[in-house]
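# Secondary and tertiary structure notes
Below, each chain spelled out in residue letters.
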Amino acid sequence: MGKSLEDISMSEIDRDKHILLQMLDLHRQKVAPIDLTSMLDLSSSCLEDKFPQNPTELSNTFLRRLWLYHPQTRSSSCEVLAGAYGVARPENDDSQCAINPLDLVAAVYMTTNSFLQQEITYRMVQCNFAVPLYLPPVYPEKKGMLLICPFRNVLGSWKSHSSEESGGNIMKNMANSRMPLISAVRLGQCSISKSRVLNSVLGGSNNDCFINHDMDGGQLPRVLSDGLVEVSWNLSPADNGNNTFPRPVLMANLRGDAASYKEQVSLLCYASSVLIVFCGSFGMEERNLLSSWRDNGSHLILIDCSAAMEEDGEDGGNEKLKRLLMKNLELPEESVIDGQNDNVETLAVKLRGALNVLIPHLPTTNLVSTAGMASDLSMKVDEDEISRMAFGEVEEVLHGVENGVSKFLEEQLPLQGPTWKRLCHLEKEECRLRSQEANGEKEGLVEELMSYKLTAAMKSFIDALSTYDMTKRAFFLSWMRVKLQVVQLGKLTEGEHQQEPCLGLDHFLREMGLIYERYFHGPNYELYEMFRLPYLAAELLLYGVPLELFNGDASVFPLNWVYSVLYEVYRQLPHYTRMRVLTTLGFNNSKSAEMLSALFGVNFLKWDRRHVKGAYMLLLSLPDNIRMILDCELLMVICTEGLNSSHAREEEGRYVHDSELATFVSELSDVTLVNLPQERQAGDIRNFQIAVNAILRTKDSERRPNFQVVSEGLAKDAKIMNCIIDILTQDKSLENTEALCTEGRRVNHNLVGPWASQYPSSETPKKYCEAALELKQSLLSVFREKAATCQPTCMGAFMEHMRKVWESVKNQNFAVGFEDTNVAAALASLCTKLIEGEEQLVGLMDHWVQQLDTRISELKESGSWSADSDDPSEGILRTLGEEATMQINSEGEKIKSSLWDHLRQEDIDMALIEAYKTNLLKRVHFIQDQVTLDTNPKIEAAIVRHDLSVKMQALLTALEAALEVKLRSLLESSINNDILIDDKQLKEEFTTVWNDIPSNLEITPFETYEIPARVFEQLKENLNNSGVKKPKIKLKRATDLKQFTVKNGHFALRSKMKRTLKHNKEVAQRFTNNLIDDCDRRISEKLRHKEGYTDSYMKEVLAIVDKGLEVLKLESFTMKPNFEVDLKSHISSKAIESFQQMQDLLKRERETKEKFLNEMKERHVQDFLYNFRKRDQCQKAAHTFTAQCLRPTALDFINGSLERQILDDLLANDHAQVYASPKNFHYHLLKELLTEDSFEKFFEYLKDSEIFCRKKVEEIILQRLSGSTMIEDQRFQRMQEICQRMEGAIDLSSEQSSGVQSNARLLLERVCVILENPRDVTVPTDFLEGPLFEITPQREHFFTYLKESVAKLSGSLAQMFSENENVIEVSQDLSYKLQKLVFDRMKGCDKQCPFCKSPCDLGGTEHTVHEALVHRPKGLVCYTDAGSTSLSYLTCSAEMAGENKFQNKHTNGQTRSYKDYQSIYPDWNIPPETPDKGDTGKYWKFVFMRYNTRFAQAYDCEPAFLPEDWTKITMADALRNLKEAFYITE
């Protein structure tokens, strides 16, 4: 049978995993995982951060970088990509990453043992990297593993908000700390990166805790890490004001599709307080999984990252399924987040808000409990049976420690109590002959010491160490550290650790040593297997467990114990093994242990809360590359902690103890590293005193240790310490101040790393790894120098040396006593003053250099430079050099005076520093020389820059003009095309302009040579051509050159006759001196032209020598060939120095020129970008203001006056009678209807008289304006007026705001206020609140752009008006307001007769009773006779005189008599028809008679039965009747 697709897919995955492990060279590690010992080799051999050449180096590079806290630790970049190994890669992938970085992390954890994993995890947390919690299986038949052991060593610190913990800072073991566990999984394919969202939630957009697609290599397919679960903490440190969450949380992240990893999801459901699901689909399978997770989990947050389901055939398919799912899962609205259209930041904000609501109320768990749940789910956990057995032994050892550390120390570790400390003190006092009467007390103390019985804790401890199972012993030691941390950290807050003593593994090892040491104070045959203890300690030392070399609490060196342990080490090492010693002096809060760990991978005590005091040592087997440098096989590293500890400064004798410790370890060292702490505190002067006294006591010793300085904080402290060391360690006979020039090699003051005292979420300093590697290279360089002058020592000799040193310390056999601080304090004070003087001098000369441009101009104008040179630049250089030297020498004298003044002011005895006075003065001279050396190149650069500036001035005008043209073009393009021009395009445009400007500043190519090598080849060739065979050429440095002397050995045998030798030497010497002078002059001539070295120059010089030698041959004596070799070597050495100086000078000038031009270009680039951005903002603000504010204002102003003028024009002409009153207008309207005799118009009027009137007004206006130029004239006049007012407002605003810095909104508001001043315009300002107007503009450009915008507005309006030639279009612009004006004037009262709809003709709105002059037959408005379909011909007035009744909606269905109409319509007066009144209705009777049939058809009724006499009414009668009714006389 063939394989299924699933089987084929799984086999391909297995193949890729196998290839990946082979590619990383990790496949062999399955049997023997990488351990801590391997890590020591990896870390100690690392001298630089080498870029990996191929994938096999990635895992080692990962570990080396991690130990240096490198921010790119997880990078998988290398020269050879994975494709070369057959691993598939995405198309168009140009990344240098060989594999996905997450696969690299997973592979490292899969191939390292638990103890190395602890160190890896500790450092990854410090770097804020996510750490694997669950490792998926490499092969399907295997099981994955939950990791708990690596987290046992992780500490975290945060600010507690609990009332029980007093709200202080607490530090806890992170494996045991209880906090909410928030887990995130992905279900299906999502449109957004889950890990990016989590990073943003935890720490913002710059957080790279979880590897994601946006990181280099994150886009590559994962092979090993799908199914991996990572965790990261988010704590709340006290100094962090922007806490993400209100309490610490643990975040877990499952990699891959959760549907494929049910085991991991089950664990997360049970353990998590909140399960976050990024859901890419809501299909049946997904819904079933979510339902099962909901049943097992506490809280569920669902994030919709799906797309619309096209297969549903309708929009919103996923939305419907989601709503159904929410209902089934009973999820509240706030637990479902829509992330379909959100970016990462927006979704992170939503998720963070949802979590912040839940977190205060969530249950807590810890990783230990999670491991228990994993076991319940039959998952494999890394802590196996051996680990559990070791833990049982630890429980036995630490039984009772919960009752209090002090009590445990007193009962189980009694030898470290006051008895031992007092005995050690008495022994030292006895050796120093200070006490002769303490023998009785000493005997009592020894007797008390010998009464010691091995305690249960120590018996269990020694038994546990005695096991032959190395893995079990390693677990035991690990559990001891963890258990002690958990027990003590659980009870301590920040203030309590100072009262309660701390207990560590080192206390048990110290007790073990004291058990052994006790034997040498009096044999006791009841001692428990005493002689096996040194062997156990030796094994631990070789395993990497530090051995206490010096007991800092008792201030004693346990000679017998350390000697015996080192002897056991010696027995296990090859006899030829040699070693060197590196010691660190660690003061209060200095992180010596962390620094040494980063440098060499060693593990000293790192628990910051403990007050460790003493010296600990480790032996490091050196890799081959380091052995070659140090000329030895072992490096003993001694870490000294707790010197000048803040908690013990007030204790009696602490300074003496610190001095004893520092002196002892320094005497043992080849190199001593003085590690100054990061923060300066009160009492830090003691740091200097302790170190200085250690130097004073050891500087003349046999080993003469080399002291180096490293500072974690202030550079000034390092400079002071370095100055002290130089003054103390330099030989007074040395006159060359170059002997003092060691500062750059010694001081490394940028070494602040993410130490344990900081928080796991702290950002890793990016420069720390470079600084650590520089320090390591510097130390190895010092060891290399040491190897040239001092042989390494073997273990036996070192042990004997330790004994001698301790005897010296006990007997205080030093010129400077341990209590003496006078010399140290005086030197520290003087060096502090000296460094302050140096800083002042450097600052003064920096200021002097800044003023050089002005000084150079003055010298050129006055021509008062040095007359020794014809070249002005050379003369100015010499003059300025002399001025600088005078200035520096003057300040140097002030520094010297200040030192002696300081001595007098501080009342320091001059005798204390008399021995070092010469070196102090040398140091001042060295400072002067160093500042001079630093200043001279700056003077040269200043002259070059000045010359370039002068040349550049001629180009600046053309450049600025061209840039202004380009700037205007770009600005115009930006505003006209409404496009955004980015910085890249602007820089390209600038470069185009820059390159088009003709310049005489082009930098000519300059080639540098290895001049010594080129001269050597020329000399060698010349000598060969001269017939000298195998010449011994010796080229010397300039500092080693002396005057050439003709020696006896330069003469041939027959020329060495005693009677002539002296004369021959004098002749030869004179000739040689003249020849050398000729060569010097020739070289000077060449250098005067400031040209670089060429071989022809050297050939020319050697040719001069050859000609001279030919002349010398004419003398009576004969010279040996070695004379020619030595002479030419001497001349060549001088030529090398001269040519090298010129090459260096030309190189500096070229670099200065390049720097100047680059700075000039960069400055103009930045100015160009800045000006464009500011001016573009200005013109856009001006353009927007004009478009949204000034243009509507201008149109309102122009059109607002036109309506009134047009109306006045209408009233002033022949239409005056028509518009005299509403009655007149109504009369002329009816008259015009009658004259036109159109049924359609009559019908339209009767149907809606208001609309008809409005149309009539519009027609009249159009007719009146047709062919008139009045509008154009008025518009143009008003437009000019408003634009002039706008320009005036802008000018006035510019004047009023002169000298005042304000944003665009305030400036424009001032323009608006000025423009509104006559109160005939209203300027809208609401939109000025937008961000566009919050800029601070360039005032001159801003107001210029405003005026330009107003000018453009004027032109656009004029063009718009000129294009509107059609009068209809013109009137449409004005129609609404103009018609409203006319109609409001003409409409009068808008009430109509309730029966015939005739308008009220009283005019105005002040009357209360309405009247119509002419009532119409009601049939004209669709009234019919009662009981008939015929139109009614009766008028309202006729009805009022009759007996008819009416019924409508106003009568509520009741019939009312017309005579009683006022009961319904009290506001109408309709007089009845009477014979005595004339017939006012003939107008409408005529209309009705004429169009009776048409009205009937229009209303779908029968025509009215009109009275016979209506037929006699003529149009003239109707018109006359209308005039009478409206009282018109024409």
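The present account deals with the structure reproduced in this document. (Residues numbered from 1 in each chain as written. Predicted model: local features only at pLDDT ≥ 70, side-chain atom pairs only at ≥ 80, totals over all residues. Heavy atoms only, no water.)

The next point concerns the packing of aromatic side chains. Any two aromatic rings considered together are summarised by their centre-to-centre distance and by the angle between their planes. The tally for this structure, following the rule as stated, stands at 37 aromatic pairs. Between the aromatic rings of Phe-814 and Phe-818, the centroid separation amounts to 5.8 Å while the plane-to-plane angle is 70 degrees, which identifies the pairing as edge-to-face. For the pair Phe-814 and Phe-818, one class covers both residues: buried. With a centroid separation of 5.7 Å and 45 degrees between ring planes, the pair formed by Phe-1243 and Tyr-1499 is classed as tilted. Remark: Tyr-1499 occurs in helix α48 (residues 1492-1499) and Phe-1243 occurs in helix α40 (residues 1239-1247); sequence separation between them is 256 residues. Exposure remark for Phe-1243: the relative accessible area of 23% places this residue in the partly exposed category. By relative accessible area, which is 18% here, Tyr-1499 ends up buried. Just above the ring of Trp-67 sits the side chain of Arg-123; from NZ or CZ to the centre is 4.1 Å. Above the ring of Trp-900, the side-chain terminus of Lys-917 is found at 5.3 Å from the ring centroid. (Phe/Tyr/Trp six-rings, centres within 6.5 Å; stacked < 30°, edge-to-face > 60°. Buried < 20%, exposed > 50% of the residue type's maximum accessible area, 1.4 Å probe, protein only. Helix = DSSP H or I, 4+ residues; strand = E, 2+ residues; numbered from the N terminus. Lys NZ or Arg CZ within 6 Å of the ring centre and 35° of its normal.)

Turning our eyes to something else, we now look at helix α14 (residues 418-431). The end-to-end C-alpha distance of α14, which contains 14 residues, comes to 20 Å, matching closely the 20 Å that a straight helix rising 1.5 Å per residue would cover. Of the residues making up α14, those classed as buried are Thr-419, Trp-420, Leu-423, Cys-424, Leu-426, Lys-428 and Glu-429. Here the buried face of α14 lies against α15 (439-450), α18 (505-518), β12 (547-551), α23 (654-667) and α28 (795-811). (Expected span 1.5 Å × (residues − 1). Contact = heavy atoms within 4.5 Å.)

Read across the open sheet, the nine strands follow the order β10-β9-β8-β5-β7-β6-β1-β2-β11; overall the sheet is mixed. Whereas interior strands pair on both sides, the edge strands pair on one side only; in this sheet they are β10 (336-338) and β11 (380-381). Relative to β10, strand β9 (residues 299-304) is paired through three bridges, and the arrangement is parallel. Across the sheet, residue Ile-303 finds its bridge partner in β10, namely Ile-337. Of the strands in this sheet, β1 (131-135), β2 (145-146), β5 (181-187), β6 (229-234), β7 (249-257) and β8 (274-279) are in contact with helix α7 (residues 262-271), which crosses β7 at around 160 degrees. (Pairing = 2+ DSSP bridges. Axes fitted to C-alpha atoms, helices over the stretch in contact; angles between N-to-C directions.)

A full pass over the atoms with the stated rule returns 51 salt bridges. Between Lys-483 and Glu-402 there is a salt bridge whose closest N-O contact spans 4.0 Å. Linking Lys-483 in helix α17 (residues 470-489) with Glu-402 in the loop between α12 (385-397) and α13 (405-412), this pair joins segments that are 81 residues apart in sequence. Accessibility expressed as a relative area gives 16% for Lys-483, which makes it buried. Relative accessible area serves as the criterion here: at 39%, Glu-402 is assigned to the partly exposed category. Via salt bridges that share partners, Glu-395, Glu-402 and Lys-483 belong to a single interconnected network. (Salt bridge = Lys/Arg side-chain N within 4 Å of Asp/Glu carboxyl O.)

With that settled, consider the pairing of strand β15 (residues 634-643). By the criterion of burial, β15 is predominantly enclosed, with 10 of the 10 residues buried. Here strand β13 (residues 578-587) runs beside β15; their pairing, made up of eight bridges, is parallel. Bridge assignment links Leu-585 to a residue of β15, and that residue is Thr-640. Pairing geometry for strand β14 (residues 614-621) and β15, over eight bridges, is antiparallel. From the neighbouring strand, Leu-619 faces β15, where its bridge partner is Met-636.

Turning our eyes to something else, we now look at the packing of helix α3 (residues 58-67) against helix α5 (residues 114-126). Axis separation between α3 and α5 bottoms out at 10 Å; the angle between their running directions is 55 degrees. One way to sum up the angle between α3 and α5 is to call them oblique. Note that α3 runs across α5; the crossing there is left-handed. Counting all contacts with α3, which are made through Phe-62, Leu-63, Leu-66 and Trp-67, the residues of α5 involved are Leu-116, Glu-119, Ile-120, Arg-123 and Met-124. When its residues are assigned to classes, the contact of α3 with α5 shows seven nonpolar, no polar and two charged. (Parallel < 35°, antiparallel > 145°, perpendicular 65-115°, else oblique. Left-handed = near helix turned anticlockwise from the far one by under 90°. Nonpolar A, V, L, I, M, F, W, Y, C, P; charged D, E, K, R; others polar.)

Moving on, we come to a positive patch on the surface. On the surface, a cluster of positive charge is made up of Lys-1032, Lys-1034, Lys-1036, Lys-1042 and Lys-1047. Among the secondary structure elements, Lys-1032 is positioned in the loop between α35 (1011-1025) and α36 (1058-1088). When its relative accessible area of 69% is taken as the criterion, Lys-1032 is described as exposed. (Patch = residues over 30% accessible without salt bridge, like charges linked within 9 Å, V, L, I, M, F, W, Y side chains within 5 Å. Areas by Shrake-Rupley, 256 points an atom, 1.4 Å probe, with all protein chains shown as cover. Lys, Arg positive; Asp, Glu negative; His and termini not counted. Charge placed at Lys NZ, Arg CZ, Asp CG, Glu CD.)

This part covers the packing of α40 against helix α47 (residues 1482-1490). A packed helix pair is summarised by two numbers, namely the angle formed by the two axes and the spacing between the axes. Between α40 and α47, the shortest axis-to-axis distance is 12 Å and the interhelical angle comes to 125 degrees. In this view, α40 runs oblique relative to α47, as classed from their interaxial angle. The interaxial crossing formed by α40 with α47 has left-handed handedness. Where α40 approaches α47, its residues Phe-1242, Tyr-1245 and Leu-1246 are matched on the opposing element by Tyr-1483, Trp-1484 and Val-1487. Grouping the amino acids of the contact of α40 with α47 by side-chain chemistry returns six nonpolar, no polar and no charged.

The element helix α16 (residues 456-465) is extensively covered by neighbouring structure, given that seven of its 10 residues are classed as buried. Turning to α16, its buried residues are Ala-457, Met-458, Ser-460, Phe-461, Ile-462, Ala-464 and Leu-465. In this structure, the buried side of α16 is in contact with α12, α13, α17, α18 and α19 (533-543).

Mapped onto the elements, Arg-255 comes out in strand β7. At a separation of 2.8 Å, a polar atom in the side chain of Arg-255 contacts the main-chain carbonyl oxygen of Ile-211. Not counting residues up to four positions away in its chain, the partners in contact with Arg-255 are Leu-102, Ser-195, Phe-210, Ile-211, Arg-222, Ser-225, Asp-226, Gly-227, Leu-228, Glu-230 and Tyr-261. (Polar contact = N/O pair within 3.5 Å; in protein donor to acceptor, adjacent residues only side chain to side chain.)

A complete count under the given rule lists zero disulfides for this structure. Not part of a disulfide, Cys-305 finds its nearest cysteine sulfur in Cys-190, a span of 4.5 Å. (Disulfide = S-S within 2.5 Å.)

With that out of the way, let us pick up the nonpolar core. The biggest cluster of nonpolar side chains holds 266 residues, and the ones touching the most others in it are Trp-293, Phe-461, Phe-508 and Met-721. Sort the elements by how many residues they give to this core and helix α29 (residues 822-850) lands first, with 13 residues. Apart from residues lying up to four places away in sequence, Phe-461 is in contact with Val-397, Phe-476, Met-480, Leu-505, Phe-508, Leu-509 and Met-512. With 56 residues, the next largest nonpolar core counts Val-1165, Ala-1181, Ile-1282 and Phe-1333 among its residues. (Core = buried A, V, L, I, M, F, W, Y, C linked by side-chain atoms within 4.5 Å.)

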